[in-house]
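In case you want the letters, here they are:
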Amino acid sequence: MQTFLVTGAAGFIGSHSVEWLLKQGVRVIGVDNLRTGRLENLVVAHTSPDFEWVNADAGDETAMRILFQQHRFAGVLHLAALVSVPESFHEPALNYRINLAAADSIARLCLEFDCKRLVFASSAAVYGVVASLPNRESDLPQPQSPYAAAKLAAEVMLLGYAASYGLEAVCLRYFNVYGLRQDPASPYSGVLSIFTDRFRHGLPVIVHGDGEQTRDFISVRDVARANGEVLTRGGVASGRYNVCTGRAISLNQVLAIYRELFPNTPPAEYAAARVGDIRHSLGDPGLLRNRLEFNAKIPFAQGLYELAHGEDKKSVVMA
Ligand code: UD1
């Protein structure tokens, strides 16, 4: 049985990715320091005998070296991150350590222990404000935050190791990921986690701007499958790949779907647009489709329905 390492396993994307992997019948060692991850996200994973959780910081090279010594990893999915863009402005040193240095350290451990494949969680944020949409991997990135800069720098390091030492480094640029377990606590949390939380409590949502801004929203279940397939199937050349649907949806369109799901909630309130807000974000999914035959499968309305009505921890892991 193959064993894979997942860092950030107790996070939003991490916990869904771990479940996808366990369903394939592989063994998963999940690392998380619970800085933003939550143990309850791993309730389903813990029902599998093939899952082990390790309380450790992915950037702690000594702790991670012990895991690499104990297991012969077939691949590593490195998701552990400082995920808040605003926090990266306030804590640039922490952003450097978590989002760049930890990725470099994990990559060097892969080389040291002959673990061939490293899948890295990058972000559409690396594109910044590019002139034309949809964003393609060949576009010149223009990071607008310490977060985006660190993600891009990590991509460069990993792809440098790929060219120098033959590591298979696959950097996945996630667009706007939504789904169960995304934390709605901060005003800068993903908009769909905030909206769902407020609708559930019968509260009005606040739309920043006119609601005509668009995003390429992708379900976390599609993202988990992309992560898992790249990690387990192999055959994806080192490089950068968008993980997106290729479809733009405006907040006003989102609200129209919510109105069907929550007919009795008060109407949305419109407020001033956020400073620095991007008007439109859209990815081209063509490269990952060509290399892996990967297509996002979950239609947005279905994904939103699952988010609104889904009770978490329902699915059962079949190991
Ligand atoms: C994402 C990042 C953000 C980063 C930006 C640029 C997340 C959750 N956010 O923002 O930190 O700066 O990419 O790379 O990853 N909105 C509302 N009402 C709300 C919350 C949000 O109208 O209560 C609007 C926002 O102003 C925005 C849209 O919804 O226009 C989407 O917001 P968000 O989910 O934060 O995603 P991004 O703007 O793409």
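Note that the structure is a prediction, hence the values are computed from the model and not measured.

Attention now goes to the packing of helix α8 (residues 251-261) against helix α10 (residues 300-309). Two quantities define a packed helix pair, namely the angle between the helix axes and the distance between the axes. Packing of α8 against α10 brings their axes to within 10 Å, and their N-to-C directions diverge by 50°. Taken together, the axis directions place α8 and α10 in an arrangement best described as oblique. Considering only the axes of α8 and α10, their crossing is right-handed. On the side of α8, the interface is formed by Val254, Ile257, Tyr258 and Leu261, while α10 contributes Phe300, Ala301, Leu304, Tyr305, Leu307, Ala308 and His309. Residue classes in the contact of α8 with α10 are distributed as ten nonpolar, one polar and no charged.

Overall, parallel pairing links the seven strands, which are arranged β3-β2-β1-β4-β5-β6-β11 in an open sheet. Each edge of the open sheet is held by one strand with a lone partner, namely β3 (51-55) and β11 (239-243). Taken over all neighbouring pairs, the strand axes of this sheet differ in orientation by 20° on average, direction set aside. Here strand β5 (residues 117-123) pairs with strand β6 (residues 168-174) via seven bridges, running parallel. If you follow Ala121 over to β6, its bridge partner there is Leu172. Lying on the sheet, helix α7 (residues 220-233) is in contact with β1 (3-7), β4 (73-78), β5, β6 and β11; it crosses β5 at an angle near 155°.

Another point: the confidence of the model for the chain. Predicted confidence across the chain gives a mean pLDDT of 94, with 97% of residues reaching 70 or more. Note that residues 313-319 has pLDDT below 50 and, in this model, 19 contacts with residues that lie over four places away or in other chains.

Rules of the game
- The residue count restarts for each chain, going from 1 along the sequence in the order it is written.
- Given that this is a predicted model, residues contribute local features only at a pLDDT of at least 70 and side-chain atom pairs are listed and counted only at 80 or more, while totals for whole chains, interfaces and linings are drawn from all residues.
- As a rule here, side-chain values come from all non-hydrogen atoms in the structure, and water together with hydrogens is ignored.
- Every angle, taken between N-to-C directions, lies between 0 and 180 degrees, and every axis is a line fitted to C-alpha atoms, over only the stretch in contact when it is a helix.
- Each helix is a run of H or I in the DSSP string that is no shorter than four residues. Each strand is a run of E no shorter than two, and both are numbered from the N terminus.
- Here is the rule for angles: anything less than 35 degrees is roughly parallel, anything more than 145 is roughly antiparallel, 65 through 115 is roughly perpendicular, and the remaining ranges are oblique.
- By convention the crossing between two helices is left-handed if the near helix lies anticlockwise of the far one by an angle smaller than a right angle, and right-handed if it lies clockwise.
- Whether two residues touch is decided by their heavy atoms; if any such pair falls within 4.5 Å, the residues are in contact.
- Each residue gets one label: Ala, Val, Leu, Ile, Met, Phe, Trp, Tyr, Cys and Pro are nonpolar, Asp, Glu, Lys and Arg are charged, and the others, such as Gly, are polar.
- When DSSP finds two or more bridges between a pair of strands, those strands are recorded as paired.
- pLDDT expresses, on a scale from 0 to 100, how confident the predictor is about each individual residue.

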